[in-house]
Amino acid sequence: MNIPIEYYLILSGFMFLVGVAGVLTRRNAIIVFMSIELMLNSANLSLVTFSSYMGNSTGQLFVFFVMTVAAAEAAVGLAIILAMFRNKLTLNIDDINILKW
Amino acid sequence: MSLQLILFILFGTISAISSVLMITRTNALISALFLILNFAGLSGLYLTLNAQFIAVTQVIVYAGAIMVLFLFVIMLLKPEHEKYFSHQPKLKIFAFFIAFIVFIQLVFMIFVSHPSQGNNANVAASVKAGTIEEIGKQLYTNYVLPFEAAGYLLLAATIGAIVLAKKKFE
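Owing to the predicted nature of the structure, the values given are computational and were not obtained by experimental measurement. Think of each chain on its own: its residues are numbered from 1, step by step along the sequence as written. The lettering of chains begins at A and the numbering of ligands begins at 1, in the order of writing. Local features in this predicted model are restricted to residues whose pLDDT is 70 or higher, and side-chain atom pairs enter the listing and the counts only when it is 80 or higher, whereas totals over whole chains, interfaces and linings include all residues. To obtain the side-chain values, all non-hydrogen atoms of the structure were used and water was disregarded.

Any details on the overall build of chain A? Residues and values, ideally.
Only DSSP runs of H or I covering at least 4 residues are called helices, and only runs of E covering at least 2 are called strands; the numbering of each starts at the N terminus. Of regular secondary structure, chain A possesses 3 helices and 0 strands. Order of helices (α) and strands (β) in chain A, N terminus to C terminus: α-α-α. The globule rule used for comparison is 2.2 Å times the number of residues to the exponent 0.38, while the radius of gyration itself is calculated over C-alpha atoms. Relative to the globule expectation of 13 Å for 101 residues, the C-alpha radius of gyration of chain A, 17 Å, shows a markedly less compact shape. Principal axes of the C-alpha set define a box for chain A whose edges measure 55 × 25 × 20 Å. For the exposure calls, accessible area comes from a 1.4 Å probe over protein chains only, and a residue counts as buried if that area is under 20% of its type's maximum, exposed if over 50%, partly exposed in between. For chain A, the proportion of its 101 residues judged to be buried stands at 64%. Residues are treated as being in contact if the distance between any of their heavy atoms lies within 4.5 Å. The contacts of chain A with a sequence gap of at least 6 include a subset with a gap of at least 24, amounting to 59%. Only the protein chains shown count as cover for residues, and all accessible areas are computed by the Shrake-Rupley method using a 1.4 Å probe. Surface accessibility of chain A: about 3,700 Å² in total, with carbon and sulfur atoms responsible for 72%. The distance from the centre of the 5 positive side-chain charges to the centre of the 5 negative ones in chain A is 13 Å. When charges are tallied, Lys and Arg are placed among the positive residues and Asp and Glu among the negative ones, while His and the ends of the chain are skipped. Charged groups are reduced to one reference atom each: NZ for lysine, CZ for arginine, CG for aspartic acid, CD for glutamic acid.

Encoded structure:
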């Protein structure tokens, strides 16, 4: 525990914002989805950092549940992408705007 | 320079660089491989934080299960290159600008608030918090209801994925 907690938090913030930039700039639905996974993981890094520096395991339990939700999200999201590709034959999220008013 | 700092720099650099490479590659398959590298680096970072259980789970669940699912779907669908997609360079510049501004704000806030001050880092407590014994004990006593709910969530996700992927919706 001899390195400052700030280093981990800044790395976590950097990865989160890389994920945000990925969601905003990429047009491929799968890459947008992977950027969301990156954002979830950077939040996990913050939780584990605080948990470890406080000597309390609650943060790591939260990470466990976040991983569960991420697995469920990946399964359902990829099924949606698959169904979308079957109907429209594209992965471009600009072409899939049936919910846009 | 302590070993923890060296390992932090090594794994942190791997994670940061592979995350940037992930969002800049045009091929979705190469992006997915960089994301796996990023998860491996994160797993190393968790080990430097004494979180053994989370480090192993990161490799098994994320790199082993979720990313294999991603690679499977990418290979199942046609690997089309994104350069044929419409792209708006103005939106791209705006997005990177916003992300940069928020990052500067975040760094400023982290350094102003001094999270490590008043935090007597106790290595023994930290090592104990990361063991599978402690996490398992918490999971089956204080957090048994969320644990069961997570099981139902996974069941619902499995059924939902099968229903969505099975038939065409009109």
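Talk me through the packing of aromatic side chains; I want residue IDs and the actual numbers.
Here a Phe, Tyr or Trp ring, Trp counted by its six-membered ring, pairs with any other such ring whose centre lies within 6.5 Å, and the pair is stacked when the planes are under 30 degrees apart, edge-to-face when over 60, and tilted otherwise. What the rule picks out here adds up to 10 aromatic pairs over all chains. Each ring, one from Y8(A) and one from F8(B), has its centre 4.6 Å from the other, and the planes form 70 degrees; the classification is edge-to-face. Highlighted residues: Y8(A) in helix α1 (residues 5-25) and F8(B) in helix α1 (residues 3-24), drawn from two different chains. On the basis of relative accessible area, F8(B) is assigned to the buried category, the value being 9%. Plain terms: the ring middles of Y140(B) and F147(B) are 5.1 Å apart, the flat faces sit at 70 degrees to each other, and that makes the pair edge-to-face. Three or more aromatic residues link up through ring pairs in this structure, and these residues are F64(A), F65(A), F53(B), Y140(B) and F147(B).

Describe the nonpolar core, naming the residues involved and giving the relevant values.
Buried residues of nine kinds, namely Ala, Val, Leu, Ile, Met, Phe, Trp, Tyr and Cys, make up a nonpolar core once their side-chain atoms join them within 4.5 Å. Grouped together as the largest cluster of nonpolar side chains are 67 residues, with contacts concentrated most on I30(A), M34(A), I81(A), Y46(B), I54(B), F70(B) and L77(B). Contributions of two or more residues to this core are made by α1, α2 (29-54) and α3 (58-88) of chain A together with α1, α2 (28-48), α3 (52-76), α4 (89-113) and α6 (132-141) of chain B. In this structure, this core is formed jointly by two domains, domain 1 (1-79) and domain 2 (131-170) of chain B, each of which donates at least three residues. Among all residues touching I30(A), those that are not within four sequence positions of it are I81(A), L91(A), F70(B), V73(B), I74(B) and L77(B). Each domain span listed reflects an automatic or database assignment of domains.

Could you give an account of the domain arrangement of chain B, naming the residues involved and the relevant values?
In terms of domains, chain B is made up of domain 1 (1-79) and domain 2 (131-170). On a C-alpha basis, the centres of domain 1 of chain B and domain 2 of chain B stand 23 Å from each other.

Report on the environment of L164(B), specifying residues and quantitative values.
When you line up the elements, L164(B) lands in helix α7 (residues 144-166). Apart from residues lying up to four places away in sequence, L164(B) is in contact with V76(A), A79(A), I80(A) and A83(A).

An account of a nonpolar patch on the surface is requested, with residue identities and associated values reported.
Grouping into patches uses exposed residues only, defined as over 30% relative accessible area, and leaves out salt-bridged ones; the cut-off is 9 Å for like charges and 5 Å for nonpolar side chains (Val, Leu, Ile, Met, Phe, Trp, Tyr). Here a salt bridge means any side-chain nitrogen of Lys or Arg lying within 4 Å of a carboxyl oxygen belonging to Asp or Glu. A contiguous nonpolar patch, built from L91(B), F94(B), F97(B), I98(B), F100(B), I101(B), V102(B) and I104(B) and spanning about 720 Å² of accessible area, is present on the exposed surface. Turning to its location among the elements, L91(B) is positioned in helix α4.

Give a detailed account of unusual backbone geometry, specifying residues and quantitative values.
Even without being a glycine, N50(B) presents a positive backbone phi close to 65 degrees. Along the chain, N50(B) falls in the loop between α2 and α3.

Describe α2(B), and please don't skip the residues or the numbers.
Residues and elements named next belong to chain B. Given a helix with a known number of residues, its expected span is that number minus one, times 1.5 Å. Here α2 is 21 residues long and its end C-alpha atoms lie 31 Å apart, about the 30 Å a rise of 1.5 Å per residue gives. Near the N-terminus of α2, the side chain that reaches the backbone nitrogen of L29, with its oxygen 3.1 Å away, is that of N27. Looking one or two residues past α2, N50 carries a phi angle of roughly 65 degrees, positive in sign. Whenever a nitrogen or oxygen atom comes within 3.5 Å of another N or O atom, the pair is scored as a polar contact, on the condition that within protein one atom can donate a hydrogen and the other can accept it, and that pairs from neighbouring residues in sequence are kept only if both atoms are in side chains.

How would you explain the packing of α1(A) against α1(B) if you had to name every residue and give the values?
Whenever a helix is involved, its axis is fitted only over the stretch in contact; in every case the axis is a line through C-alpha atoms, and angles between N-to-C directions fall within 0 to 180 degrees. Orientation of α1(A) relative to α1(B), taken along the N-to-C sense of each, is 10 degrees, at an axis distance of 9 Å. The angle between α1(A) and α1(B) falls in the class roughly parallel. Of the residues in α1(B), those in contact with Y7(A), Y8(A), L11(A), F14(A), M15(A), V18(A), A21(A) and G22(A) of α1(A) are Q4(B), L5(B), F8(B), G12(B), S15(B), A16(B), S19(B), V20(B) and I23(B). Residues are grouped as follows: Ala, Val, Leu, Ile, Met, Phe, Trp, Tyr, Cys and Pro are nonpolar; Asp, Glu, Lys and Arg are charged; every other residue, Gly included, is polar. Split by residue class, the contact of α1(A) with α1(B) holds 12 nonpolar, 5 polar and no charged. In what follows, roughly perpendicular refers to angles from 65 to 115 degrees, roughly parallel to angles under 35, roughly antiparallel to angles over 145, and oblique to any angle outside these ranges.

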